[in-house]
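Understanding the architecture of this molecule
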Amino acid sequence: MTHPNRTTTTAALALALPLLLAACGGGGGNAGGAKNPPPDQSVNSAARLDAYVGTWTSACASHAIDTAVVARAGGADAPLTLAVTTNYYGNTTCTGDVIATQTWSAPATAAYGGTVASSVVPAPGTAAQPASVDKVTAQLPQRTVTLAGAYVSHKIVDAQPNWCIDYAGSTVCVPDRVYPAESASFDGLAVIGGEMVLAKSNGTNYDAVERFTKR
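Attention in this report is confined to the structure presented alongside it. (Residues numbered from 1 in each chain as written. Predicted model: local features only at pLDDT ≥ 70, side-chain atom pairs only at ≥ 80, totals over all residues. Heavy atoms only, no water.)

A separate point is the overall build of the protein chain. Looking only at helices and strands, the protein chain has 0 helices and 14 strands in total. Helices (α) and strands (β) of the protein chain occur, in sequence order from the N terminus, as β-β-β-β-β-β-β-β-β-β-β-β-β-β. Evaluated residue by residue, the protein chain yields a buried proportion of 40% over its 215 residues. A separation of at least 24 residues holds for 60% of the contacts in the protein chain among residues at least 6 apart in sequence. A total of about 10400 Å² of accessible surface is found on the protein chain, and carbon and sulfur atoms cover 55% of it. (Helix = DSSP H or I, 4+ residues; strand = E, 2+ residues; numbered from the N terminus. Buried < 20%, exposed > 50% of the residue type's maximum accessible area, 1.4 Å probe, protein only. Contact = heavy atoms within 4.5 Å. Areas by Shrake-Rupley, 256 points an atom, 1.4 Å probe, with all protein chains shown as cover.)

What follows concerns the sheet that holds strand β8 (residues 152-157). Read from one edge to the other, the open sheet built from 3 strands follows the order β8-β9-β10, with strand pairing classed as antiparallel. Each end of this open sheet is capped by a strand with a single partner; those strands are β8 and β10 (170-175). Averaged over all pairs of adjacent strands, the angle between their axes in this sheet comes to 40°, without regard to strand direction. With 6 bridges joining them, strand β9 (residues 160-167) and β10 adopt antiparallel strand pairing. Paired with Asn 162 across the strands is Pro 175, a residue of β10. (Pairing = 2+ DSSP bridges. Axes fitted to C-alpha atoms, helices over the stretch in contact; angles between N-to-C directions.)

Now for the pairing of β8. Taken residue by residue, a regular strand's side chains alternate between the two faces of the sheet. Here 6 bridges tie β8 to β9, and the two strands are oriented antiparallel to one another. Paired with Ile 156 across the strands is Pro 161, a residue of β9.

A one-sided burial pattern is seen for strand β7 (residues 145-148), the buried positions being Val 145 and Leu 147 and the unburied ones Thr 146 and Ala 148. Note that strand β4 (residues 98-104) and β7 share 4 bridges and pair antiparallel. In the sheet register, Gln 102 faces β7, and the bridge partner there is Leu 147.

What follows is about the environment of Met 196. Relative to the elements of secondary structure, Met 196 occurs in strand β13 (residues 195-201). Owing to a relative accessible area of 0%, Met 196 belongs among the buried residues under this scheme. Between the C-alpha atoms of Met 196 and Lys 214, which are 18 residues apart in sequence, the distance is 7.7 Å.

Next up on the list: the state of the cysteines. Where two cysteines share a covalent bond between their sulfur atoms, that bond is called a disulfide. All chains considered together, the criterion is met by 2 disulfides. In this model Cys 60 forms its disulfide with Cys 94; the gap between the sulfur atoms is 2.0 Å. With the S-S dihedral at roughly 75°, the linkage between Cys 60 and Cys 94 falls on the right-handed side. Taken together, the residues span a long stretch of sequence, with Cys 60 in the loop between β1 (54-58) and β2 (64-72) and Cys 94 in the loop between β3 (80-89) and β4 at a distance of 34 residues. Classification of Cys 60 by relative accessible area gives partly exposed; the value is 30%. The exposure class assigned to Cys 94 is buried, which follows from its relative accessible area of 9%. In this model Cys 164 forms its disulfide with Cys 173; the gap between the sulfur atoms is 2.0 Å. In this structure, the disulfide formed by Cys 164 and Cys 173 twists by about 105° around the S-S bond and is classed as right-handed. The residues Cys 164 and Cys 173 share a single accessibility class, namely buried. When the cysteines of the protein chain that form disulfides are numbered from the N-terminus onward, they connect as 1-2, 3-4. (Disulfide = S-S within 2.5 Å.)

Quick look at the structure:
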C-alpha cells in the first residue's frame, strides 16, 4: 500500500494476512493396513489459507488505517486475493472524520507454498514469537490508484499527475499512474495472538510487515 505521508512512489502492499498455529505432519498407513488415511487438509495444504479469508483492519499508523479484504475465488488450490483500502485521518490517532480514502484497481494475490515452523519478529528490537508461517508467493498486478474525499485534489506535480491530500496547511501526494506488476512486500502469512501477520523472510526467521485484527 502506498501511504501519501509514508511514500509517494511505488506501492508496497503492507497488507497482512496470517494463519493458525499448526505443525507440519504427515499421514501414513499402518504396517499391514490396507489403505493410507486421507491427508490432513489443515496441515501443509493450500486449504490452510482459508483461515485468512475475511475482513481485517490494521492499527493506526501515520494518520492511516488499512482495511484488507481477503477472499478466495475458486477451489482450495486457488490463491488468495487481498484488496486493501486505506482511510486517512487529520490526526495521528486516526479519530474523527476520514479526510481521504485510497483504493487500488486490482488486488494482490498470494499463492500457497508450504508451511514452516518458524518465528516472527513483531517489530524492530522486539523478541521473536514462535509461529507456523504459511509461505506464499505474493504478487501485485499492474494497477492504478485512486484517492477520494473532501480534502483530495488532482494536481500536476513535476509534470506528472498526482492525487493530493491538502489538509491543515500541508499537502501529501501519490502519483496517479499505472503501477507495474511486481512482487509484494511479504512472503509469509501467520496468525499470532489472533492477529493476521504479513511477514517477510530475513534468512533466519520472519519480520512482520503489517498486522491486522479481524472485524
